[in-house]
Amino acid sequence: MKTAIAVNGLYVSYYGSEALKNVSFTVEEGNLVGIIGPNGAGKSTLLKALLNLIQKEKGEIAILGKTIKEMRTKVAYVPQRSSIDWDFPITVIDTVLLGTYPKLGIFKRPKKIDKAFAHECLEKVGMTELRNRQIGELSGGQQQRVFLARALAQKPEVYLLDEPFVGVDVTSEETIISILKQLRDIGKTVVVVHHDLSKATAYFNELILLNKELIDFGEVEKVIRPEVLDKAYNNQFSSLTNLEVKA
Amino acid sequence: MINFMDALMFYGFLQKALITSIMVGIICGVIGCFIILRGMALMGDAISHAVLPGVALSYMLGINFFFGAVFFGVLTSLGIGFISQNSRIKNDVSIGIMFTAAFATGIIMITLMKSSTDLYHILFGNVLAVRPSEMWSTLIIGVFVLVCVYAFYKELLVSSFDSTMAAAYGLPTRVIHYFLMTLLTLVTVASLQTVGIVLVVAMLITPAATAYLLTNRLWVMIFLSAGIGVLASIFGLYFSYTYNLASGAAIVLAATVLFVLAFVFSPKQGLVFRAIKNVRKRELLSR
């Protein structure tokens with residue numbers, strides 16, 4: 001097994017306020033990893049730092065043993081649904097086709113083989129029938145599946161997904177998680193920002209628990225213990241138990 | 001209309017006017033699509049106004065006003081970006097500050113030159129007085145802009161739709177932004193004679209917005225937008241010539257009429273079809 005992602009002593013800040021402090025972890029290839037933590041814990045920031053979309057202050061990030069700049073085409077990013085302009089004049093299939101752009105390089109247009117591959121990816125997420133719809137006409141879950149298909153079309157080694165299950169119907173959520181598990185099983189690395197603790201054990205095999213600092217990292221069962229979670233959520237859970245006692 | 005066609009055969013100035021305004025219709029329509037999809041309509045307005053000092057300076061130095069205009073257009077867009085990135089000032093406010101400053105500078109420079117007729121022409125355009133050299137520079141700029149959009153279509157598409165993905169796979173999104181601003185400045189310069197600085201923004205956004213209501217595919221939108229720009233130019237020129245109206249204003253109003261038609265009758269987005277759909281739905285539900 002090779003190391004897919006290695007983060008060492010990462011610091012990131014926005015206008016002087018610290019978003020990530022001294023975060024270090026390594027993810028081996030072939031893992032499905034959840035990043036969990038309270039709001040404002042820096043989960044999305046961590047993904048963006050991995051992609052070099054925001055400046056880091058200190059620390060090293062290696063993707064498959066090299067810098068992200070050398071490995072850009074090996075990484076696919078699925079953004080939060082709220083960051084997309086859903087009125088943009090683009091159809092489902094053309095959105096998936098965007099995934100073939102990074103490997104084409106400048107000036108070159110997608111060819112038949114690229115289009116066929118985009119169709120294949122769309123079929124994997126079960127959206128072939130809706131291929132000519134404008135993306136805004138889809139439900140939240142369908143939109144998320146289209147963006148997963150686009151990531152598949154990039155043929156990456158590492159997948160980074162930001163809150164893929166927000167506003168998504170149950171069927172779509174099941175489709176997405178089963179595809180992510182398949183990807184893991186063929187040796188790809190998948191990192192998912194996620195907020196719902198209840199599904200964490202069912203979905204992921206490793207967890208990164210974050211609250212500006214790295215609270216814990218490792219096997220799901222090891223991380224998802226009350227005393228560990230309390231540290232990340234600042235005793236939100238213990239206060240809940242207290243309420244129960246009083247009631 | 002027959003009179004207009006006869007005059008078109010007969011008068012060289014009218015032919016030049018027609019060719020120039022058709023080219024302006026095409027390039028404004030094409031660039032306009034990217035401007036509205038990137039939510040930069042206000043930026044389009046700003047850059048078109050901001051070229052004024054460049055035009056004035058070029059007159060003073062006796063050089064082609066293309067150079068001065070591009071210089072000030074790009075300078076203003078850099079200034080806007082610099083202010084909004086380095087303070088709490090929001091982008092629209094920063095645009096408002098910078099372009100009015102540039103525009104005011106231009107007006108003072110032209111007043112110092114003491115030729116108010118030129119100012120009037122630059123601000124409002126007069127396509128019927130277009131000189132051959134100006135027609136040619138419009139054509140050359142037009143071809144250059146179209147070649148650029150064709151060559152970088154893929155990059156413009158992905159960076160307009162999802163700039164995060166574009167940046168993530170290594171596209172220089174900031175360079176693309178300023179590249180587009182440069183094209184925008186060129187288009188503004190090319191449109192000076194036809195619609196003038198004040199109304200360029202209408203040619204940039206109205207045909208593009210009209211096309212936006214009619215299709216779900218970017219490349220179709222670009223062709224439609226260019227076509228609508230051309231139609232507006234031809235109709236506008238016709239009314240301008242026949243009824244002796246200001247050419248820029250006539251062209252812009254023609255574009256507005258086309259927009260209103262699309263707004264009301266567009267198959268997917270139009271008022272009429274939406275209303276019909278709503279009524280049908282209600283009938284279905286009330287059964």
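Computed from a predicted structure; not experimentally measured.

**Some words on the pattern of salt bridges**
All names here are of chain A.
Okay, step 1: Here the structure, examined in full by the defined rule, presents eight salt bridges over all chains.
Okay, step 2: Ionic pairing is found between E137 and R133, a salt bridge with its closest N-O pair at 4.0 Å.
Okay, step 3: Residue K188 pairs with E157 through a salt bridge whose shortest N-O separation is 3.2 Å. Placement of K188 in the loop between α7 (170–185) and β7 (189–193) and of E157 in the loop between α6 (140–153) and β6 (158–162) is noted, with a sequence separation of 31 residues between them.

**Topic: the interface of chain B and chain A**
Okay, step 1: Listed as interface residues are 25 residues of chain B and, on the opposing side, 32 residues of chain A.
Okay, step 2: Summed over both sides, the interface of chain B with chain A buries roughly 2,500 Å², with 66% coming from carbon and sulfur.
Okay, step 3: Contact with chain A buries area across many residues of chain B, yet B:K154, B:F161 and B:M165 alone supply 30% of it, more than any other trio.
Okay, step 4: Linking chain B to chain A there are one salt bridge.
Okay, step 5: For A:R150, the salt bridge is made with B:D162, and the minimal N-O distance between the two is 2.8 Å.
Okay, step 6: There are nine residue pairs in polar contact (both at pLDDT 80 or more) connecting chain B and chain A.
Okay, step 7: Looking at the side of chain B that touches chain A, the elements with two or more residues in it are α8 (132–151), α9 (153–161), α10 (163–168) and α13 (218–243) of chain B.
Okay, step 8: By residue number, the principal contributor to the side of chain B that touches chain A is α9(B), which donates seven residues.

**Quick notes on a nonpolar patch on the surface**
Okay, step 1: On the surface, a nonpolar cluster with roughly 690 Å² of combined accessible area is contributed by B:V257, B:L261, B:F263, B:F265, B:L271, B:V272, B:F273 and B:I276.
Okay, step 2: Breaking the nonpolar patch down by element, the ones donating at least two residues are α14 (247–265) and α15 (271–286) of chain B.

**Description of α7(A)**
Residues and elements named next belong to chain A.
Okay, step 1: Here α7 spans 22 Å end to end across 16 residues, near enough to the 22 Å set by a 1.5 Å rise per residue.
Okay, step 2: Those residues of α7 not exposed but buried are S172, E173, I176, I177, I179, L180, L183 and R184. Down the axis of α7, the sector holding all buried residues measures 160°, keeping them to one side. Opposite the buried face of α7, by more than 90 degrees, sit the exposed residues V170, T171, E174 and D185.
Okay, step 3: In this structure, the buried side of α7 is in contact with β3 (32–36), α5 (112–124), α6, β6, β7 and α8 (200–203).
Okay, step 4: Of the residues trailing α7, G187 is marked for its positive phi of about 95°.

Reading the values: rules and limits
- Residues numbered from 1 in each chain as written.
- Chains lettered and ligands numbered in written order.
- Predicted model: local features only at pLDDT ≥ 70, side-chain atom pairs only at ≥ 80, totals over all residues.
- Heavy atoms only, no water.
- Salt bridge = Lys/Arg side-chain N within 4 Å of Asp/Glu carboxyl O.
- Helix = DSSP H or I, 4+ residues; strand = E, 2+ residues; numbered from the N terminus.
- Contact = heavy atoms within 4.5 Å.
- Buried area = accessible area lost by both parts, 1.4 Å probe.
- Polar contact = N/O pair within 3.5 Å; in protein donor to acceptor, adjacent residues only side chain to side chain.
- Patch = residues over 30% accessible without salt bridge, like charges linked within 9 Å, V, L, I, M, F, W, Y side chains within 5 Å.
- Areas by Shrake-Rupley, 256 points an atom, 1.4 Å probe, with all protein chains shown as cover.
- Expected span 1.5 Å × (residues − 1).
- Buried < 20%, exposed > 50% of the residue type's maximum accessible area, 1.4 Å probe, protein only.
- Arc of directions from axis to C-beta.

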